[in-house]
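Residue-level structure breakdown
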Amino acid sequence: MSTAPWSPRAKAELVARLRARVDVDGEREDKRHVERDKKSPAAVGLRALALADATWRWTVEYPAACLVVAEVVILFTGIVARYALHMPITWTDEASSILFLWLSALGAAVALRRGEHMRMTALVSKCGPGTRAYLEAVAAGAALLFLALIMLPAIRFAGKQAAFVTPALEISGSWRAAALPAAAALMLVASVLRLARAADRRIVLAALCTVALLALAFWAGQPLFAGLGKLNLLVFFLGVVVLTVFAGVPIAFGFGLATFGYLALATRVPLATMVGRMDEGMSHLVLLAVPLFIFLGLLIEMTGMARRMVAFLANLIGHKRGGLAYVLIGAMYLVSGISGAKAADMAAVAPALFPEMKKRGAREGDLVALLAATAAQTETIPPSIVLITIGSVTGVSIAALFTGGLLPGALLAVALCAVVWRRYRSEDLAGAAWPGAAVIGQSLLAAVPALVLPFLIRFAVVDGVATATEVSTIGIVYALLIALLVQRGCDWSRLLPILVETAALSGAILLIIGTATAMAWCLTRSGFSTDLAALMSGLPGGKFGFLAVSIVLFVVLGSVLEGVPAIVLFGPLLFPIAQQVGVHEVHYAMVVILAMGIGLFAPPFGVGYYVASAIGRASPDEGMRPIAGYMLALFIGVLVIAAVPWISTGFLQ
């Protein structure tokens, strides 16, 4: 039997049908694989993890944002009622204090989930991928350990507070004290979720075993610690703190583990006492200025007020040699007077200036170096968060600190300008031209609302309209009104993320203050503060020797612990000694703040330098050499400020 040959068309149709059948069969097989994969334990676990994470966010982040808004409304209402209506509301401070502790608690939990707690990563970042992943898991495990240890004492502390009734609102004290056990529980869940999201479970298991073995070793050594006496201070407050900080454990949890270990293993003090000291450190009403000024700084960046201020300065002197570098210095000085948060300052100024500076031939390393140096220079410009912290932990008048910080910042600005003049004296200005009086006038008109804000804040404090805690709410309301009525076009969709970011950054700062306060209490109780006072007051050279040692000490502390934890830990110990040797408290505050600023923004350990590099989108290595000249100028300026007290105290009333 013979068959006719296949025509080309028939062959093509057959091949097409076969391919279609294969595609259909393959698609069916793929669907079966997908369905099977969806039902696998790993896929079910990932979906459950994502659901738990989303639920946690809704439960914590949005209430934290609402608390920021509530604080602004309550405090501003109190100002209006007291100053405008002459009808003071008695319960505003108490309500603000209670909500503030809850804001700190929720914010700390948000910061932990986001991985935004302050920590030293200079050594961890230099490790290989495997070692770095292991150390990251160890850091998370250390946080988990502290939270698990502090949970029961926090619950007991909150239970004891139920016996007290608040004077104004007349509610149980447990409503306020419950914030700390709630924070511990929320952060515990956040830590577990972070570890569950880790890619390599073996690394996580190894890290958790390491943390558990170290904890068991310390527990087993309790009889030894009982006989060491003051040597325990070296074991816990030097050994444990250094080990945890350099391993990349968030500073707050490193302080917490050291303090808890000291109290549990070397003393008979009830562990609820630590929670009480944390509560005391985190609930100072003056610290409420921290989240409010952070929110104000982020708000002026969102509304474009900072950008318009920078644009005016650029039009005014940008056509001169080094003009944009001078603008950067001046803009950081002015913006610092509004926001008080260095990261917000740099984020507001750098994007407005860096592109044009690069067009004129500036190298990325030079720009990052100058940005970091100006951030260090403006640490004393009110309302700096460090100034507010010093006032809260040492009792120094915040109004006096605000007044005393202006001239030292201006002096260091002049020192940086001298370095800029030397470096940019041969800058090519072929592409830079004077924009004309009309353009300058227009940019000035647009910048007037932003330029008015620092003076408005200062007037409100000096004239008694608002306290240093409340004054930020005036700035917030002012910025919102300007954005709504004058400078329209603001992206209001950014408001909620900004509120959440405010809560996270505030919680990270305030948890450090809480654990550092507990650590400082332990140091004082042990007699360390008395020994330190005797040592420091006996230094050769009198007050100048004391200032010289303080400068070196705080440069080192600033690079390792950053400004806030260093001040909270050592401020209560060293400020009384400064008064004993004849150093004015405001003068001493300016010296140590600027010394910490140098340490914070000087590579290779200064965390602030790496923040500046990230904002400038440049490799940190490129700015190492250029920053040396700026830091030398700042150091000389700090020595001059230390030698001439009038620079810090000349304008005090």
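All values reported here derive from a predicted model rather than from experimental measurement.

**Some points on the overall build of the chain**
Within the chain, the regular secondary structure consists of 29 helices and zero strands. Burial status across the chain gives 53% buried among its 653 residues. The contacts of the chain with a sequence gap of at least 6 include a subset with a gap of at least 24, amounting to 81%. By element, 67% of the accessible surface of the chain is carried by carbon and sulfur atoms, the whole surface being about 28700 Å².

**With respect to the pattern of salt bridges**
Overall, the coordinates contain eight salt bridges when judged by the stated rule. Its salt-bridge partner being Arg113, residue Glu61 comes within 3.6 Å of it at the nearest N-O pair. In this pair, Glu61 sits in helix 2 (residues 41-84) while Arg113 sits in helix 3 (residues 92-114), placing the two residues 52 residues apart along the sequence. Glu61 is the salt-bridge partner of Arg114, the closest N and O atoms lying 3.8 Å from each other. Here the residue Arg114 occupies a position in helix 3, and Glu61 occupies one in helix 2, the gap between them amounting to 53 residues. Residue classification places Glu61 among the buried residues on the basis of a relative accessible area of 3%. One connected set of salt bridges, linked through shared partners, spans Arg57, Glu61, Arg113, Arg114 and Glu116.

**Observations regarding the packing of aromatic side chains**
For the coordinates displayed, the defined rule picks out ten aromatic pairs. Between Phe575 and Tyr588, the ring centres sit 5.1 Å apart and the planes meet at 75°, which makes this aromatic pair edge-to-face. Here Phe575 is found in helix 25 (residues 563-580), whereas its partner Tyr588 is found in helix 26 (residues 585-601), with 13 residues between them in sequence. Of the two residues examined, Phe575 and Tyr588, each falls in the buried class. Over the aromatic face of Tyr630 sits the side chain of Arg423, whose NZ or CZ is 4.4 Å from the ring centroid.

**Observations concerning the nonpolar core**
Counting 206 residues, the largest nonpolar core has Met187, Phe253, Phe554, Tyr588 and Tyr630 as its most contacted members. For this core, the element with the highest residue contribution is helix 22 (residues 495-525), accounting for 17 residues. Beyond its immediate stretch of four places on either side in the chain, Tyr630 contacts Ala369, Leu370, Ala373, Leu416, Val419, Val420, Arg423 and Tyr424.

**A few points about helix 12 (residues 289-303)**
An ideal rise of 1.5 Å per residue puts 21 Å on 15 residues; helix 12 measures up with 21 Å between its terminal C-alpha atoms. Counting buried positions over the 15 residues of helix 12 gives 14, a clear majority of the element. Gly304, located one to two residues past helix 12, shows a positive phi value of around 85°.

**Focus: unusual backbone geometry**
The backbone of His86 sits at a positive phi, close to 55°, despite the residue not being glycine. Here His86 falls in the exposed class, since its relative accessible area comes to 62%. Phi at Glu170 is positive, roughly 55°, even though this residue is not glycine. Considering the arrangement of structural elements, one finds Glu170 in the loop between helix 4 (129-161) and helix 5 (174-177).

**Some thoughts on the packing of helix 16 (residues 364-377) against helix 19 (residues 406-423)**
To describe two helices that pack against each other, one gives the angle between their axes and the distance between the axes. Remark: helix 16 packs on helix 19, axes separated minimally by 9 Å, with the N-to-C direction vectors making an angle of 160°. What the angle tells us is that helix 16 and helix 19 run roughly antiparallel. Classified by chirality, the crossing of helix 19 by helix 16 is right-handed. Contacts between helix 16 and helix 19 pair Leu370, Ala373, Thr374 and Gln377 from the former with Gly409, Leu412, Ala413, Leu416 and Val420 from the latter. Taken together, the residues of the contact of helix 16 with helix 19 sort by class into six nonpolar, three polar and no charged.

**Considering a nonpolar patch on the surface**
On the surface, a cluster of nonpolar side chains totalling about 500 Å² of accessible area is made up of Leu123, Leu231, Leu234, Leu238, Val242 and Phe246. Position of Leu238 relative to the elements: it lies in helix 9 (residues 231-246). The exposure class assigned to Leu238 is partly exposed, which follows from its relative accessible area of 47%.

**Quick notes on the environment of Tyr326**
Mapping Tyr326 onto the fold places it in helix 14 (residues 323-339). Here the alpha-carbon distance between Tyr326 and Leu313, two residues 13 residues apart in the chain, equals 9.0 Å. For Tyr326, the contacting residues outside a window of four places in its chain are Ile317, Arg321, Cys417, Val420 and Trp421.

**Concerning helix 21 (residues 471-485)**
If you check helix 21, its first and last C-alpha atoms are 21 Å apart, about what 15 residues at 1.5 Å a residue would give, namely 21 Å. Among the residues of helix 21, Val471, Ser472, Thr473, Ile474, Gly475, Ile476, Tyr478, Ala479, Ile482 and Ala483 are the ones counted as buried.

**Here we look at the side chain of Glu379**
By secondary structure assignment, the location of Glu379 is in the loop between helix 16 and helix 17 (385-394). Those residues in contact with Glu379, other than ones at most four positions away along the chain, are Lys342, Ser384, Val386, Ile593, Gly597, Leu600 and Phe601.

**Quick look at the environment of Ser648**
Considering the arrangement of structural elements, one finds Ser648 in helix 29 (residues 646-649). On the basis of relative accessibility, which here comes to 2%, the residue Ser648 falls in the buried class. In the structure, Ser648 is positioned 244 residues away from Gly404 in sequence and 4.8 Å away in space, judged by C-alpha atoms. Other than its neighbours up to four places away in sequence, Ser648 contacts Gly404, Pro408, Val586, His587, Met590 and Ile641.

**Examining the environment of Arg202**
Topologically, Arg202 is positioned in helix 7 (residues 201-220). It is 9.5 Å that separates the C-alpha atoms of Arg202 and Tyr134, two residues lying 68 residues apart in sequence.

Conventions we followed
Residues numbered from 1 in each chain as written. Predicted model: local features only at pLDDT ≥ 70, side-chain atom pairs only at ≥ 80, totals over all residues. Heavy atoms only, no water. Helix = DSSP H or I, 4+ residues; strand = E, 2+ residues; numbered from the N terminus. Buried < 20%, exposed > 50% of the residue type's maximum accessible area, 1.4 Å probe, protein only. Contact = heavy atoms within 4.5 Å. Areas by Shrake-Rupley, 256 points an atom, 1.4 Å probe, with all protein chains shown as cover. Salt bridge = Lys/Arg side-chain N within 4 Å of Asp/Glu carboxyl O. Phe/Tyr/Trp six-rings, centres within 6.5 Å; stacked < 30°, edge-to-face > 60°. Lys NZ or Arg CZ within 6 Å of the ring centre and 35° of its normal. Core = buried A, V, L, I, M, F, W, Y, C linked by side-chain atoms within 4.5 Å. Expected span 1.5 Å × (residues − 1). Axes fitted to C-alpha atoms, helices over the stretch in contact; angles between N-to-C directions. Parallel < 35°, antiparallel > 145°, perpendicular 65-115°, else oblique. Left-handed = near helix turned anticlockwise from the far one by under 90°. Nonpolar A, V, L, I, M, F, W, Y, C, P; charged D, E, K, R; others polar. Patch = residues over 30% accessible without salt bridge, like charges linked within 9 Å, V, L, I, M, F, W, Y side chains within 5 Å.

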